[in-house]
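Structure at a glance
So you can see what is in the structure, the chains are spelled out below.
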Amino acid sequence: MSQVATPEGMALELDSVSFAYPRRPVLQEVSFTVAAGAFCVLLGPNGAGKTTLFSLITRLFLCRSGSIRIFGHDLGREGREALGRLGVVFQQPTLDLDLSVDQNLRYYGALQGHPDRIMGTRIREALCDADLAERAGEKVRHLSGGQRRRLELARALLNDPRLLLADEPTVGLDIQSRRDIIVRVREGCGSRGVGVLWATHLVDEVEPHDQLVVLHQGRVVRQGIASAILAETGSKTVHQAYSLLTGGGPKS
Ligand SMILES: Nc1ncnc2c1ncn2[C@@H]1O[C@H](COP(=O)(O)OP(=O)(O)OP(=O)(O)O)[C@@H](O)[C@H]1O
């Protein structure tokens, strides 16, 4: 794997990324960066273009306008190196409900080319971290929504990524499960130095020290440290800042 020096220590760099579905422009000149090891919230309402952006960063869609670099590797020219550093939790769940918790992780490990004996240890650790060790042999169908999301996050981290992309992973969960998941991700990724790009439309998921990128109608309308954005806009809350920046507001 080739190593590219990244003097700014950037995990992710998007430069003037634009994208359109047939007859529907969605993203316009989107530029922002995520520093290595930082927690960055991509905040925007339904339809802002968050999932489309994730599809471009994961190369489900080709980025034809603008550029995307992951730890200095251009996604178009060095896709393998760039994608090899990513862990992803998509908005739509992708677990096999009829496989056990353990089998879902082993299957993912096999797809990544890891020998079963190495994965065994990693999977046991991952399930302990996710508080799912006692459910290892059960079918995923029998897990709660929050437990399934914890399993997907554990799976995304199995490969020791340096950047985790999470597309609205708390949608549909109750408040307690939401808090539990975000606290786990903040602590787990923070202690391992894993950067996170966390897409959400929920303003209460933003902490003052987070990097914040506000996406509205396919454009970045503000980016920076959340507390600085509050100060710049004279706002007391993220919800208030968002309303000022967009003339509306996502849910709290
Ligand atoms: N495959 C597609 N074909 C055409 N239009 C699409 C397609 N997928 C999304 N869109 C449109 O692109 C816009 C952005 O959608 P996208 O899913 O990226 O937003 P989002 O911020 O992730 O919203 P949500 O939180 O609701 O998923 C919306 O207007 C949506 O209707």
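First things first, this report covers the structure right here in the doc. Starting from 1, residues in each chain are numbered consecutively following that chain's sequence as written. Residues qualify for local features only when their pLDDT is at least 70, as the model is predicted, and side-chain atom pairs are given and counted only at 80 or more; totals for whole chains, interfaces and linings, by contrast, use all residues. Think of the side-chain values as coming from all heavy atoms in the structure, minus any hydrogens and water.

**A short note on the nonpolar core**
- What makes a nonpolar core is a set of buried Ala, Val, Leu, Ile, Met, Phe, Trp, Tyr and Cys residues whose side-chain atoms join them at distances within 4.5 Å. Buried means the residue's accessible area, taken with a 1.4 Å probe over protein chains only, is under 20% of the maximum for its type, while exposed means over 50%, and partly exposed covers the values in between. Within the largest apolar cluster, 29 residues are counted, with the highest numbers of intra-cluster contacts made by L12, F32, I57 and L197.
- Here a helix means four or more residues in a row that DSSP labels H or I, a strand means two or more in a row labelled E, and each is numbered from the N terminus. For this core, the secondary-structure elements that each account for two or more residues are β1 (10-21), β2 (24-35), β3 (39-43), α1 (50-57), β4 (65-70), β7 (163-167), β8 (195-200) and β9 (211-216).
- Whether two residues are in contact is decided by their heavy atoms: any pair within 4.5 Å suffices. Dropping the residues within four chain positions of it, L12 is found in contact with F32, T33, V34, I57, I68, R69, I70, L163 and L197.
- With 27 residues, the next largest nonpolar core counts L43, L157, V185 and V206 among its residues.

**Details of the state of the cysteines**
- Criterion for a disulfide: a pair of cysteine sulfur atoms at a distance within 2.5 Å. Tallying each qualifying case throughout the model produces 0 disulfides.
- Not engaged in a disulfide, the cysteine C63 finds its nearest cysteine sulfur in C40; these two sulfurs lie 17 Å apart.
- Look at C63 and you get partly exposed, because its relative accessible area is 26%.
- Here C128 stays unpaired: no disulfide links it, and the sulfur of C189, its closest cysteine neighbor, is 17 Å away.

**Re the packing of aromatic side chains**
- For Phe, Tyr and Trp, rings pair up if their centres lie within 6.5 Å, where Trp contributes its six-membered ring, and each pair is then called stacked (planes under 30 degrees apart), edge-to-face (over 60) or tilted (otherwise). Summed over the entire model, instances satisfying the criterion amount to 4 aromatic pairs.
- Here F19 and Y21 contribute two aromatic rings whose centre-to-centre distance is 5.1 Å and whose plane-to-plane angle is 85 degrees, an arrangement assigned as edge-to-face.
- Among the residues examined, F19 registers a relative accessible area of 16% and is labelled buried.
- Ring centres of Y21 and F61 lie 5.9 Å apart, and the angle between their planes is 90 degrees; on these two criteria the pair is classed as edge-to-face.

**Concerning helix α6 (residues 175-192)**
- One less than the residue count of a helix, multiplied by 1.5 Å, gives the span that helix is expected to have. For α6, spanning 18 residues, the distance from its first C-alpha to its last is 26 Å, which sits close to the expected 26 Å at 1.5 Å a residue.
- Residues of α6 that are buried: R178, I181, I182, V185, R186 and C189. Along the long axis of α6, the arc covered by the buried residues comes to 125 degrees, so they all point the same way. Of the exposed residues in α6, the ones pointing more than 90 degrees away from its buried face are Q176, E187 and S191.
- Tucked into the core, α6 has its buried residues touching β3, α5 (145-157), β7 and β8.
- Pairing of N or O atoms within 3.5 Å defines a polar contact, subject to two protein rules: one partner must be a possible hydrogen donor and the other a possible acceptor, and residues neighboring in sequence count only if both atoms are side-chain atoms. Backbone nitrogen of Q176 and a side-chain oxygen of the N-cap are separated by 3.1 Å at the start of α6; the cap is D174.
- Immediately downstream of α6, the backbone of G193 shows phi near 70 degrees, a positive value. This arc is taken over the directions from the axis of the helix to the C-beta atoms.

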